[in-house]
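Next come the chains, spelled out residue by residue.
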Amino acid sequence: MFQPPREKQSQRNPFFDNAKYLAIVLVAVGHVWEPVMEGSRATRALYMVVYAFHMPAFVIVSGYFSRSFAGRPDQLRRLVGGVAVPYLAFEVAYTLYRRWAQDAPQQAFSLTDPFYLTWFLLALFVWRLSAPLWRALRYPLPVAVAVAALASLTPRIAADLDLQRILQFLPFFVLGLSLREEHFRLLRRRVVRVAAVPVALAAPAVAYAVAPHLRMGWFYRNTSAQELGYAWWAGPLATVALGAVALVLTAAFLAWVPARRTWFTVLGAGSVCGYLLHGFAVKALQYWELVDAYPVLAAPAGRVGLTVAAAGAVTLMCTPPVRRALRWVTEPRLEWAFHRTAAAPAPGAAGAPGAPEASDAGAPGRAVPAGAVSRA
């Protein structure tokens, strides 16, 4: 998903850009619900539904666009420029923001302990570097699930690199590595789209029923079962059960993502900007205690207003002008930092290492040729 290279919009597959935009809206909406869902079972239920699949969906798509990553110099350069540089820049930016907003000079800079939403960039960096290993394994997905299950029952995994999340979300990345175009075409079939409707209707109802009893820590995947107050065996059980739920909801979500160009298709290319910027607005609610200062925000009308505001704000953050303004940090040119290398073999060419039928996934936002997914 991160970071789109400078290709022409016509070369991008609208299906994936549409999916990325819609998913980033869900991320922003979920974040603004968090400080106002206390006391509202319905809001908590919707929050649970969103958190059940929105990050797994991001990770699956990121894995899909990492299929041909083989560690070539050109791929490593794009990985550094499109993932590592934004991580470092926004890790510093969010730390400085908290120091200023909360007058907290003691807030330490830490490049290995991700601050807030920057964890995903660090995780993507690690996952992508490991992609050749997972492709070399005979049964990568069962191994990844076993790793995630073991992590879920291992307390006190160090905060460095946010390793607990990296390990627990790993199966979704490995699944993405295993997907092909035909798998996404299957989601466009009428029977799948029809089946997605009752799934979408049932999910909030089920979430409403279990909302008072299920801890949200399971969805964040950043702690072990014991740290959540459960027996060790609950970790592997939750890994499998919530993983299955995530896959069903992700399939239902993708089944209804338009495959044609829409008014928001262009915004998918700027999803990284929306992801990295919206956190400043969300954190303002916390740092300045706006919900306590304005109780109306936690009322039904206030929650609706925050939802609309979050969706609107993240949409603006994904627009081409914002993307161009941030290109120096989200898509930096790093020719000055690397030795010049020979042009990489075209994907699919003889001798091209790890060249599947997809585009070069060393650039996470690069799309497969338009039309690869049937049009809605």
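Preceding block: the structure.
Everything numeric in this text was worked out from a predicted model, so none of it was measured. (Residues numbered from 1 in each chain as written. Predicted model: local features only at pLDDT ≥ 70, side-chain atom pairs only at ≥ 80, totals over all residues. Heavy atoms only, no water.)

Caption draft 1: Looking closely at the overall build of the chain. Looking only at helices and strands, one finds 16 helices and zero strands in the chain. Scored against the burial criterion, the 376 residues of the chain give a buried share of 52%. As displayed, the chain offers around 16,800 Å² of accessible surface, 66% of which is attributable to carbon and sulfur atoms. (Helix = DSSP H or I, 4+ residues; strand = E, 2+ residues; numbered from the N terminus. Buried < 20%, exposed > 50% of the residue type's maximum accessible area, 1.4 Å probe, protein only. Areas by Shrake-Rupley, 256 points an atom, 1.4 Å probe, with all protein chains shown as cover.)

Caption draft 2: Spotlight on the pattern of salt bridges. One pass over the structure, following the stated rule, counts seven salt bridges. In this structure, the salt-bridge partner of Asp74 is Arg78, at a minimum N-O distance of 3.5 Å. You can see Asp74 and its partner Arg78 sitting in helix α3 (residues 73-101), four residues apart, about one turn around the helix. The class for Asp74 is buried, based on a relative accessible area of 11%. Here Arg327 and Glu331 are joined by a salt bridge, their closest N and O atoms 3.5 Å apart. What makes Glu331 buried here is its relative accessible area of 5%. (Salt bridge = Lys/Arg side-chain N within 4 Å of Asp/Glu carboxyl O.)

Caption draft 3: Region of the structure containing the nonpolar core. Membership of the largest hydrophobic core comes to 97 residues, with the highest contact counts inside it found for Ile24, Trp119, Phe120, Trp127, Phe184, Leu254 and Tyr275. Ranked by the residues each element gives to this core, the list is headed by helix α2 (residues 41-64), at 14 residues. (Core = buried A, V, L, I, M, F, W, Y, C linked by side-chain atoms within 4.5 Å.)

Caption draft 4: Layout of helix α4 (residues 119-136). Its 18 residues place the ends of α4 26 Å apart at the C-alpha level, agreeing with the 26 Å of an ideal helix rising 1.5 Å per residue. The largest bend along α4 measures about 45° and falls at Ser130, with the proline Pro132 one to four residues further on. Within α4, the full set of buried residues consists of Trp119, Phe120, Leu121, Leu122, Ala123, Leu124, Trp127, Arg128, Ser130, Ala131 and Trp134. Each element contacted by the buried residues of α4 is listed here: α2, α3, α5 (140-152), α6 (163-168), α7 (170-178) and α13 (271-287). (Expected span 1.5 Å × (residues − 1). Bend = angle between axes of the 7 residues up to and from the residue. Contact = heavy atoms within 4.5 Å.)

Caption draft 5: Quick look at α2. For α2, built from 24 residues, the straight-helix expectation of 34 Å at 1.5 Å per residue is met to within 8% by its first-to-last C-alpha distance of 35 Å. When you tally the buried positions in α2, you get 20 out of 24 residues, the bulk of the element.

Caption draft 6: Representation of the environment of Trp256. With respect to the secondary-structure elements, Trp256 resides in the loop between α11 (234-255) and α12 (265-268). Trp256 gets classed as partly exposed once you look at its relative accessible area, which sits at 45%. Note: C-alpha distance between Trp256 and Ala196 (60 residues apart in sequence) is 8.0 Å. Excluding anything up to four places from it in sequence, Trp256 contacts Arg188, Arg193, Ala196 and Val197. At a separation of 2.9 Å, a polar atom in the side chain of Trp256 contacts the main-chain carbonyl oxygen of Arg193. (Polar contact = N/O pair within 3.5 Å; in protein donor to acceptor, adjacent residues only side chain to side chain.)

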